[in-house]
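Listed below, chain by chain, are the residues.
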Amino acid sequence: MIGLRSGDAVVVHASLRAVGLGADEVIDALLDAVAPDGLVAMPTFSYDNESFAPDLPGRTGTLAEEFRRRPDALRSAHPTYSVAAVGADAAELVDGHERAGATGIDSPLGRLADAGGYVLLLGVGHTANTTVHVGEFHAGAPYLDIPFDPDWPEHGADRFPGCSRAFGTIERPLREREAIRDGKVGNALAQLVLGAAVIEATVELLRADPAALLCTDPGCYRCSRARAR
Ligand SMILES: [Zn+2]
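Conventions and cut-offs
Residues numbered from 1 in each chain as written. Predicted model: local features only at pLDDT ≥ 70, side-chain atom pairs only at ≥ 80, totals over all residues. Heavy atoms only, no water. Helix = DSSP H or I, 4+ residues; strand = E, 2+ residues; numbered from the N terminus. Buried < 20%, exposed > 50% of the residue type's maximum accessible area, 1.4 Å probe, protein only. 1 Å grid on protein atoms, 1.4 Å probe; cavity = no way out; pocket = protein on both sides within 12 Å on 5 of 7 lines; lining within 4 Å. Points joined across faces, edges and corners; volume = space filled by probe spheres on them. Nonpolar A, V, L, I, M, F, W, Y, C, P; charged D, E, K, R; others polar. Donors = N, O, S within 2.8 Å, 3.2 Å for Na, K, Ca; no water. Tetrahedral: all angles 85-135°; square planar, octahedral: opposite > 155°, others 65-115°. Core = buried A, V, L, I, M, F, W, Y, C linked by side-chain atoms within 4.5 Å. Contact = heavy atoms within 4.5 Å. Polar contact = N/O pair within 3.5 Å; in protein donor to acceptor, adjacent residues only side chain to side chain.

1. Thoughts on the environment of D24
So, point 1. Summarising the element assignment, D24 is placed in helix 2 (residues 23-34).
So, point 2. Using a relative accessible area of 43% as the deciding quantity, one classes D24 as partly exposed.
So, point 3. Distance in space between the C-alpha atoms of D24 and L63 is 8.1 Å, their sequence separation being 39 residues.

Structure, rendered in structure tokens:
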């Protein structure tokens, strides 16, 4: 599928409606593409600190939810930004996420990028590309201590990623680097890019302009406060 090969590790962000195929069909195709030694991961974010339980549904779409329900899927224990994974090293990938920070450098998506893993976008843009948040941590973005939402309860020393509405900005520098492989899966446009390239482009972008990934909605709690700095 779109150039994924046996042994690859990949995190998938998808709109199943855009793809137009069944969830099981897409999941099987992904697992087959990287089998036998690869790994597939998907976000199973719950965005709700207070009621997280590993067997409660995530809020990141039908494909991720069906994936999480696979008998061999392992889910990390971060209360808001959990990730599910199937395949080789899945246990190592999700281990300790609750201590590593939502999208920190040692979070599952940070580890996946470090290990040479890919990000696959199926029918969604880079606003869904959570690895950009990992890049914000690598860059030491100056707004990581601002809560995503003032109503979110504190969660130890964890820092949460912010708004991703402006993450479409990352596509241009990635295209300039020729880091994106375009394709089609079902009816959806697909982009495959190395997680490390996403992080590198994010760090470079934020070095040039620390506000490059903030949205311009004055009603956005986090971005408006970050801009004010
Ligand atoms: Zn915002």
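2. Details of the layout of surface pockets
So, point 1. Looking at the largest pocket, its volume works out to about 390 Å³.
So, point 2. For the largest pocket, the lining is made up of 27 residues, of which F45, Y47, T60, A128 and T130 are closest to its centre.
So, point 3. Of all the elements in the fold, those that place two or more residues in the lining of the largest pocket are strand 1 (9-14), strand 2 (39-43) and helix 3 (62-68).
So, point 4. By residue class, the composition of the lining of the largest pocket is 15 nonpolar, 11 polar and one charged.
So, point 5. The space that makes up the second largest pocket amounts to roughly 170 Å³.
So, point 6. Every residue lining the second largest pocket is counted, 13 residues in all, and those nearest its centre are A9, L39, A88, D89 and A115.
So, point 7. Elements represented by at least two residues in the lining of the second largest pocket include exactly helix 4 (90-94) and helix 6 (108-114).
So, point 8. Looking at side-chain class alone, the lining of the second largest pocket contains six nonpolar, two polar and five charged residues.

3. A word on the coordination of the zinc ion
So, point 1. For the zinc ion, the protein coordination sphere consists of C163 (SG), C215 (SG), C220 (SG) and C223 (SG), at 2.2 to 2.4 Å.
So, point 2. Its four donor atoms give the zinc ion angles of 104 to 117° at the centre, a pattern that matches the tetrahedral case.
So, point 3. As a motif over one chain, the donors of the zinc ion read C-x51-C-x4-C-x2-C. Separated by 52 residues along the polypeptide, C163 in the loop between helix 7 (131-139) and helix 8 (171-176) and C215 in the loop between helix 9 (195-208) and helix 10 (221-228) bring together distant segments of the chain. The two residues C163 and C215 agree in class, both being buried.

4. A closer look at the nonpolar core
So, point 1. In terms of nonpolar packing, the biggest core is built from 45 residues, with L39, A41, A85, Y143, L174, V193 and L213 touching the most fellow members.
So, point 2. Setting aside residues up to four positions removed in sequence, Y143 forms contacts with E136, L206, P210, L213, L214, R222, A226 and R229.
So, point 3. In terms of nonpolar packing, the next biggest core, distinct from the first, is built from 28 residues, V26, I27, V34 and L63 among them.

5. Quick look at the side chain of S82
So, point 1. By secondary structure assignment, the location of S82 is in the loop between strand 3 (74-75) and strand 4 (83-87).
So, point 2. We classify S82 as buried; its relative accessible area is 0%.
So, point 3. Side chain to side chain, S82 and T44 meet in a polar contact 2.8 Å long.
So, point 4. When neighbours within four sequence positions are excluded, S82 is seen to be in contact with P43, T44, F45, F52, R75, S76 and H97.

6. Observations regarding empty space enclosed by the protein
So, point 1. Tallied over the full model, the rule gives one cavity of 30 Å³ or more.
So, point 2. Taken as a whole, the largest cavity spans an internal volume of roughly 40 Å³.
So, point 3. Around the largest cavity sit F45, Y81, V83, H97, A102, T103, S107, P108, L109 and T130, which together line it.
So, point 4. Tallied by class, the residues present in the lining of the largest cavity amount to six nonpolar, four polar and no charged.

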